[in-house]
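Below, each chain spelled out in residue letters.
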Amino acid sequence: MQVEEKLALLNYKTDPAYAHITIDESICETCPDHFCTFGCPAKCYTIIDGRINFKYEDCVECGTCVIACAHGSVKWTNPKGGQGIKYKFG
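Presented here is a report on the structure given in the accompanying data block. Keep in mind it's a predicted model, so treat the numbers as computed, not measured.

The rules behind these values
Residues numbered from 1 in each chain as written. Predicted model: local features only at pLDDT ≥ 70, side-chain atom pairs only at ≥ 80, totals over all residues. Heavy atoms only, no water. Helix = DSSP H or I, 4+ residues; strand = E, 2+ residues; numbered from the N terminus. Buried < 20%, exposed > 50% of the residue type's maximum accessible area, 1.4 Å probe, protein only. Contact = heavy atoms within 4.5 Å. Pairing = 2+ DSSP bridges. Salt bridge = Lys/Arg side-chain N within 4 Å of Asp/Glu carboxyl O.

**With respect to the environment of I27**
For I27, the position within the fold is in helix α2 (residues 25-29). Residue class for I27 comes out partly exposed when judged on its relative accessible area of 24%. Taking C-alpha positions, I27 is 7.7 Å from G72, a pair spaced 45 residues apart along the chain. Leaving out residues up to four positions away in the same chain, I27 has contacts with H71, G72 and S73.

**Points about unusual backbone geometry**
One non-glycine residue, H34, adopts positive backbone phi at about 50°. As for its position among the elements, H34 is in the loop between α2 and α3 (35-39). The backbone of D49 shows a phi angle near 55°, a positive value even though the residue is not glycine. Inspection of the secondary structure assignment puts D49 in the loop between β3 (45-48) and β4 (51-54).

**Focus: the pairing of β4**
Regular strands have side chains that alternate between both faces of the sheet. Of the two faces of β4, the one holding I52 and F54 is buried and the one holding R51 and N53 is not buried anywhere. Where β3 meets β4, 4 bridges bridge the pair, whose relative direction is antiparallel. Each residue of the ladder has a partner; that of I48, found in β4, is R51. From the end of β3 to the start of β4, which pair antiparallel, there are 2 residues, and D49 there has a positive phi angle of about 55°.

**Quick notes on the pattern of salt bridges**
A complete count under the given rule lists 2 salt bridges for this structure. Residue R51 is joined to E25 by a salt bridge in which the shortest nitrogen-to-oxygen separation is 3.1 Å. Here R51 is found in strand β4, whereas its partner E25 is found in helix α2, with 26 residues between them in sequence. E29 serves as the salt-bridge partner of R51, at 3.9 Å between the closest nitrogen and oxygen. With a gap of 22 residues between them, R51 in strand β4 and E29 in helix α2 connect regions that are remote in the sequence. Of the residues examined, R51 reaches a relative accessible area of 47% and is grouped as partly exposed.

Purely geometric numbers; function is a separate question.
Here's what the structure looks like:
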């Protein structure tokens, strides 16, 4: 089973007006390594045409991106009450 198939089993409730993770794109533009793209298990971070593409809606709230980004681009907070991911199987 691929990661994408496993993520499809999760239930997300996101608030479009409130992103619990934000990135500073000016820092990402000069990043030499983009460890966030390798570390995120949900593949929320991708490189498209040389620029970082980020989708917080697929986040599994593990916090790996905060640790992987050594340059301070990623700002992570808990989702608002009642928002975020709901695990069906544990």
